[in-house]
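Residues per chain are reported as follows:
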Amino acid sequence: MSRQIQIRRGTAAENDSFTGAIGEITMDTTNKTLRVHDGTTAGGTTLAKKSEIPNITNADYVIESQLPTSQNNYAWYRKYKSGWIEQGGTVSGSKNVTLPVPMQDTNYYVVATCRGTNTTVAIGINVINKNNFYANCGQFIINWLVCGFTE
């Protein structure tokens, strides 16, 4: 035979004046909701009903990522559900940079800055293909960022 569990319940006014124990759950019979208590807050915290949660089916979110490490040459990326990707890293001197994730085509945005100098240094960027770009900053360290869509 199954067991029945019953929790404390009361009207909204009764719940508003009740301070439950830490982790205690009560039912608000007026609003048909549950409240979770922390031992100090009168009324507890009301939990949302499914009907109160906004529909976020069109939201974009990260589906894949990589943190920068010495094994991946300090390159990182965030790939979103929509196919948008942000990726970046650090390289020393003038170099051909291979992207961690190939872009959809050569129409992607590259921005780079030179580190290690107190003077203004021009940076040359040349997009080679959807996998690589060339960055020229002399002997200085380059921080780079690429944004666009993936394949």
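Treat the numbers as computed from the prediction; the structure is a model and nothing was measured.

## Let's talk about the state of the cysteines
Counted by the stated rule, this structure contains 1 disulfide. Across the disulfide, Cys-114 is cross-linked to Cys-137 (sulfur-sulfur distance 1.3 Å). Pair noted here: Cys-114 is in strand S9 (residues 109-115) and Cys-137 is in the loop between strand S11 (132-136) and strand S12 (141-149), with a separation of 23 residues, a long-range link. Comparing Cys-114 with Cys-137 shows no difference in burial state: the two are buried. Not engaged in a disulfide, the cysteine Cys-147 finds its nearest cysteine sulfur in Cys-114; these two sulfurs lie 19 Å apart. Of the residues examined, Cys-147 reaches a relative accessible area of 15% and is grouped as buried.

## What to know about the pairing of S9
Alternating positions in S9 separate cleanly, Val-110, Ala-112 and Cys-114 being buried on one face and Tyr-109, Val-111, Thr-113 and Arg-115 remaining unburied on the opposite face. As paired elements, S9 and S12 share 7 bridges and run antiparallel to each other. When the bridges of S12 are listed, Val-111 appears paired with Leu-145.

## What about the nonpolar core?
One broad rule of soluble globular proteins: the nonpolar side chains tend to lie buried together. Membership of the largest hydrophobic core comes to 19 residues, with the highest contact counts inside it found for Leu-99, Met-103, Tyr-108, Phe-133, Ile-142, Trp-144 and Val-146. Sorting the residues of this core by element identifies strand S7 (84-92), S9, S11 and S12 as the ones contributing at least two each. Not counting the four nearest positions on each side in its chain, Val-146 is found in contact with Ile-85, Glu-86, Gln-87, Leu-99, Met-103, Tyr-108, Tyr-109, Val-110 and Phe-133.

## Observations concerning the confidence of the model for the chain
Per-residue pLDDT for the chain has a mean of 90; in total, 95% of the residues score no lower than 70. Confidence, read as mean pLDDT per element, is least for S9 in the chain (86) and greatest for strand S6 (residues 76-80) (97).

## Focus: the side chain of Glu-86
Structurally, the position occupied by Glu-86 is in strand S7. Looking at Glu-86, its side chain comes within polar contact range of the side chain of Arg-78, at 2.7 Å. At 3.2 Å, the side chain of Glu-86 and the side chain of Tyr-80 are in polar contact.

## With respect to the pairing of S12
One ladder, built from 9 bridges, connects S7 with S12; its direction is antiparallel. Bridge assignment links Val-91 to a residue of S12, and that residue is Ile-142.

## A closer look at the packing of aromatic side chains
Within the structure shown, the criterion is met by 2 aromatic pairs. Ring centres of Trp-84 and Phe-149 lie 5.2 Å apart, and the angle between their planes is 80°; on these two criteria the pair is classed as edge-to-face. One end of the pair, Trp-84, is in strand S7; the other, Phe-149, is in strand S12, with 65 residues separating them in the sequence. Overall, the relative accessible area of 30% leaves Trp-84 in the partly exposed class.

Cut-offs used in this document
Each residue is numbered by its place in its chain's sequence as written, counting from 1. Whole-chain, interface and lining totals are the exception, using all residues; otherwise, since this is a predicted model, local features are given only for residues with pLDDT of at least 70 and side-chain atom pairs are given and counted only at 80 or more. Just so you know, side-chain values use all the structure's heavy atoms and leave hydrogens and water out. Cysteine sulfur pairs qualify as disulfides if the two atoms are within 2.5 Å. The helix and strand labels rest on DSSP assignments: H or I over at least four residues marks a helix, E over at least two residues marks a strand, and numbering proceeds from the N terminus. Relative accessibility decides the category of a residue: with a 1.4 Å probe and only protein chains considered, values under 20% of the type maximum give buried, values over 50% give exposed, and everything between is partly exposed. Strands are labelled as partners when DSSP assigns at least two bridges between them. Residues belong to a common nonpolar core when they are buried Ala, Val, Leu, Ile, Met, Phe, Trp, Tyr or Cys residues joined through side-chain atoms within 4.5 Å. Contacts between residues were defined by any pair of non-hydrogen atoms, one from each residue, lying within 4.5 Å. What pLDDT expresses is the predictor's confidence in each residue, scored from 0 to 100. Polar contacts, as counted here, are pairs of nitrogen or oxygen atoms within 3.5 Å of one another; within protein the pair requires one atom able to donate a hydrogen and one able to accept it, and residues that are adjacent in sequence qualify only if both atoms are side-chain atoms. Two rings belonging to Phe, Tyr or Trp (six-membered ring only in the last case) form a pair when the distance between their centres is within 6.5 Å. Interplanar angles under 30 degrees mark stacking, angles over 60 mark edge-to-face geometry, and anything in between is tilted.

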